[in-house]
Amino acid sequence: FHPSGHFMQSWAWGQFRAGQGWEPFRFLVTEMGKPKAAIQVIYKRFPGGSGIMYAPRGPVVDRGDDQSLKALIF
């Protein structure tokens, strides 16, 4: 658990939302086998083919770690 991480970025939250019809996607940036940045994106498809994606209270990354953030979102 990251000190600045929010519970809505936790694995458990993704599983909870999956039970409500949302699909979690999880992305991780590592350096030498250690986590540097992470984000959980929750997706819900609507009838007709449209959908919505959002990253509740994310991403999770140390302040000032622009390199990891850039690797995560680009």
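Shown above is the structure to which this text applies.
Nothing here was measured: the structure is a model prediction, and the numbers come from that model.

Participant: Any chance you could break down the side chain of Ser68 for me, citing the residues and the numbers?
Facilitator: Locating Ser68 in the fold gives a position in helix α2 (residues 66-73). Among all residues touching Ser68, those that are not within four sequence positions of it are Val29, Lys36, Ala37 and Val61.

Participant: Describe in detail the layout of surface pockets, supporting the description with residues and values.
Facilitator: The space that makes up the largest pocket amounts to roughly 480 Å³. Along its surface, the largest pocket is lined by 19 residues, and His2, Gln9, Leu28, Ala38 and Val60 are the ones closest to its centre. At the level of elements, β1 (23-31) and β2 (34-45) are the ones that each hand at least two residues to the lining of the largest pocket. A total of 6 residues in the lining of the largest pocket trace back to one element, the largest contributor, which is β2. Partitioned by chemical class, the residues of the lining of the largest pocket number 9 nonpolar, 6 polar and 4 charged.

Participant: Explain the packing of aromatic side chains residue by residue, including any values.
Facilitator: Enumeration according to the criterion identifies 3 aromatic pairs in this entry. With a centroid separation of 5.4 Å and 90 degrees between ring planes, the pair formed by Phe7 and Trp13 is classed as edge-to-face. Note on Trp13: relative accessible area 16%, which makes it buried. A network of ring pairs unites the aromatic residues Phe7, Trp13 and Phe16 as a single cluster. The cationic tip of Arg26 hangs over the ring face of Trp11; the distance from NZ or CZ to the ring centre is 3.6 Å.

Participant: Pulling in residues and values, what's your account of the environment of Asp65?
Facilitator: Inspection of the secondary structure puts Asp65 in the loop between β4 (60-61) and α2. Owing to a relative accessible area of 15%, Asp65 belongs among the buried residues under this scheme. Measuring from C-alpha to C-alpha, the distance between Asp65 and Lys36 comes to 8.5 Å, with 29 residues separating the pair along the chain.

What counts, and at which threshold
- Residues numbered from 1 in each chain as written.
- Predicted model: local features only at pLDDT ≥ 70, side-chain atom pairs only at ≥ 80, totals over all residues.
- Heavy atoms only, no water.
- Helix = DSSP H or I, 4+ residues; strand = E, 2+ residues; numbered from the N terminus.
- Contact = heavy atoms within 4.5 Å.
- 1 Å grid on protein atoms, 1.4 Å probe; cavity = no way out; pocket = protein on both sides within 12 Å on 5 of 7 lines; lining within 4 Å.
- Points joined across faces, edges and corners; volume = space filled by probe spheres on them.
- Nonpolar A, V, L, I, M, F, W, Y, C, P; charged D, E, K, R; others polar.
- Phe/Tyr/Trp six-rings, centres within 6.5 Å; stacked < 30°, edge-to-face > 60°.
- Buried < 20%, exposed > 50% of the residue type's maximum accessible area, 1.4 Å probe, protein only.
- Lys NZ or Arg CZ within 6 Å of the ring centre and 35° of its normal.

Treat this as a map of the structure, not an account of what it does.
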